[in-house]
Amino acid sequence: MPFSIVIAPFIAFTVALGLIWYLIKGNVLKVLDHPNPRSLHSKAVPRTGGLGLMAGILASWAFLPEALPLFIWTSVTLLVAISFADDIFGLPVSARLLLHGAVAVWFSVTALSDTHGWMVLAVTTVAITWMLNLYNFMDGSDGLAGGMTLIGFSCYGVSAWLAGNEPFALMSFCIAAAAAAFLLFNFHPARIFMGDAGAIPLGFLAATMGIMGWTNGFWPLWLPLLVFSPFIADASVTLARRGLRGEKVWQAHREHYYQRMVQSGFGHRNTALVSYLLMLAASTSAIWAMRQHSAVQFGVGIAWGGIYLLMMWVFDRYWRRHSGNP
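Residues numbered from 1 in each chain as written. Predicted model: local features only at pLDDT ≥ 70, side-chain atom pairs only at ≥ 80, totals over all residues. Heavy atoms only, no water.

### Section: the overall build of the protein chain
- Of regular secondary structure, the protein chain possesses twelve helices and two strands.
- For the protein chain, the C-alpha radius of gyration of 19 Å lies close to 20 Å, the compact-globule estimate for 326 residues.
- Overall, the C-alpha framework of the protein chain stretches about 55 × 55 × 35 Å when taken along its three principal axes.
- Taken over 326 residues, the protein chain has a buried fraction of 52%.
- Counting contacts in the protein chain only where the partners sit at least 6 residues apart, residues at least 24 apart contribute 74% of the total.
- Looking at the protein chain as shown, the accessible area adds up to about 14,700 Å², and 68% of this sits on carbon and sulfur atoms.
- Considering the protein chain, the positive charge centre built from 18 side chains and the negative charge centre built from 13 side chains are found 11 Å apart. (Helix = DSSP H or I, 4+ residues; strand = E, 2+ residues; numbered from the N terminus. Rg over C-alpha atoms; globule rule 2.2 N^0.38 Å. Buried < 20%, exposed > 50% of the residue type's maximum accessible area, 1.4 Å probe, protein only. Contact = heavy atoms within 4.5 Å. Areas by Shrake-Rupley, 256 points an atom, 1.4 Å probe, with all protein chains shown as cover. Lys, Arg positive; Asp, Glu negative; His and termini not counted. Charge placed at Lys NZ, Arg CZ, Asp CG, Glu CD.)

### Thoughts on the side chain of Thr 271
- Along the chain, the position of Thr 271 falls in helix H11 (residues 257–290).
- Leave out the neighbours within four places in its chain, and Thr 271 touches Tyr 258, Met 261, Val 262 and Phe 266.

### Observations concerning the state of the cysteines
- What the rule picks out here adds up to zero disulfides.
- Unpaired in this structure, Cys 155 has its nearest cysteine sulfur neighbour in Cys 174, at a distance of 17 Å.
- A relative accessible area of 3% means that Cys 155 is categorised as buried. (Disulfide = S-S within 2.5 Å.)

### Structural notes on the nonpolar core
- If you look at the biggest cluster of nonpolar residues, it comprises 97 residues, and the most contacted ones within it are Trp 61, Ile 72, Tyr 135, Phe 153, Leu 205, Phe 228 and Phe 231.
- Excluding residues that lie within four positions of it along the chain, Trp 61 makes contacts with Leu 68, Ile 72, Trp 73, Met 171, Cys 174, Ile 175 and Leu 205. (Core = buried A, V, L, I, M, F, W, Y, C linked by side-chain atoms within 4.5 Å.)

### Let's talk about the packing of helix H2 (residues 49–61) against helix H7 (residues 166–186)
- Closest axis-to-axis distance for the H2/H7 pair is 9 Å, and the angle between their directions is 150°. In this view, H2 runs roughly antiparallel relative to H7, as classed from their interaxial angle. In the crossing of H2 with H7, the sense of the turn from one axis to the other is right-handed. When H2 is examined against H7, the residues Gly 49, Leu 53, Ile 57, Ser 60 and Trp 61 are found in contact with a partner set consisting of Met 171, Cys 174, Ile 175, Ala 178, Ala 179 and Phe 182.
- A class-by-class count of the residues in the contact of H2 with H7 yields nine nonpolar, two polar and no charged. (Axes fitted to C-alpha atoms, helices over the stretch in contact; angles between N-to-C directions. Parallel < 35°, antiparallel > 145°, perpendicular 65-115°, else oblique. Left-handed = near helix turned anticlockwise from the far one by under 90°. Nonpolar A, V, L, I, M, F, W, Y, C, P; charged D, E, K, R; others polar.)

### What to know about the environment of Leu 32
- You can see Leu 32 is positioned in strand S1 (residues 32–33).
- Residues Leu 32 and Met 54, 22 residues apart in the sequence, show an inter-C-alpha distance of 18 Å.
- Not counting residues within four places of it along the chain, the set of residues in contact with Leu 32 comprises Ala 44, Val 45, Pro 46 and Arg 47.

### Re H11
- For H11, spanning 34 residues, the distance from its first C-alpha to its last is only 28 Å, which falls clearly below the expected 50 Å at 1.5 Å a residue.
- Approximately 120° is the largest bend angle found in H11, and it occurs at Gly 265. (Expected span 1.5 Å × (residues − 1). Bend = angle between axes of the 7 residues up to and from the residue.)

### Quick notes on the environment of Ala 272
- Structurally, the position occupied by Ala 272 is in helix H11.
- Owing to a relative accessible area of 1%, Ala 272 belongs among the buried residues under this scheme.
- In the structure, Ala 272 is positioned 73 residues away from Ala 199 in sequence and 17 Å away in space, judged by C-alpha atoms.
- If we skip the residues at most four places from it in the chain, Ala 272 touches Asp 142 and Phe 187.

### Side note on the packing of aromatic side chains
- Summed over the entire model, instances satisfying the criterion amount to 17 aromatic pairs.
- Each ring, one from Phe 153 and one from Tyr 156, has its centre 5.5 Å from the other, and the planes form 80°; the classification is edge-to-face. Residue Phe 153 and its partner Tyr 156 are located together in helix H6 (residues 144–162), separated by three residues, close to a single helical turn.
- Phe 153 sits in the buried class, given a relative accessible area of 0%.
- Its relative accessible area of 0% is what places Tyr 156 among the buried residues.
- In textbook terms, an aromatic cluster arises when at least three aromatic residues are bridged by ring pairs, as seen for Tyr 135, Phe 153, Tyr 156, Phe 168, Phe 218, Trp 219, Phe 228 and Phe 231. (Phe/Tyr/Trp six-rings, centres within 6.5 Å; stacked < 30°, edge-to-face > 60°.)

Right under this line is the structure:
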């Protein structure tokens, strides 16, 4: 274990750093994200960073003191492969959702069917499918998804460590370490993007590891929701609004709060820094509340709900004035 504490996250960081650097400098895998009316960047940028990030994670997991379940390895690898194919060719939405749902069902049945009923399995399947897609929706500004990965999985690691499970903590720290390497190239001005090959499997891991931590007694069920609430709140409210207006929620757009922050003058850098403060506050309060009485935990959840509603109300008013839309 002492050897793994140092070497596994180091391998994750080093492999991700070296491979991402090679993907930027080498003349390989020139998959570019070209600007369009719905994007926030102004020049073509490689969208292969997720390959280096996920390679660092998978390489480091081989050095963990306990073997991970086979369905986690297989699911992550499958999601990386299919999502990279989508980055290159643009797969139909129905095909992507079918695969995402199938992977979510596989996890739910494999991990929960022995201890929970069909209702829990159904809710879990929907939650995983939503989480891996909303993570992709929120990967649209320099440094945003990388920062959420670094902070969110670091919180998972600390929480698992406090619960006394070092292997699960190391698994999380490896993801955070690979994200730190990715951020060196993705913070504004970004030299490489994560792409679906990074965002989709990271969303899957955020959901499934959150559920595994809950079923193993490392943390309460609400902790993953609060840790990743900056992404969950933005994506869920934005997509709900688009759905109520009869718009196609799966189509690319520029209506997320983080996108409007960039457009309204905050810029990529300031939007990322403000988001980091929000992520750190949510994660820190989750770690603190986890060890408090249930009434305190409930109060923290209510408080964060109020904070998000207030922030959205304030920014909606600001956006209406900025855009001239009453």
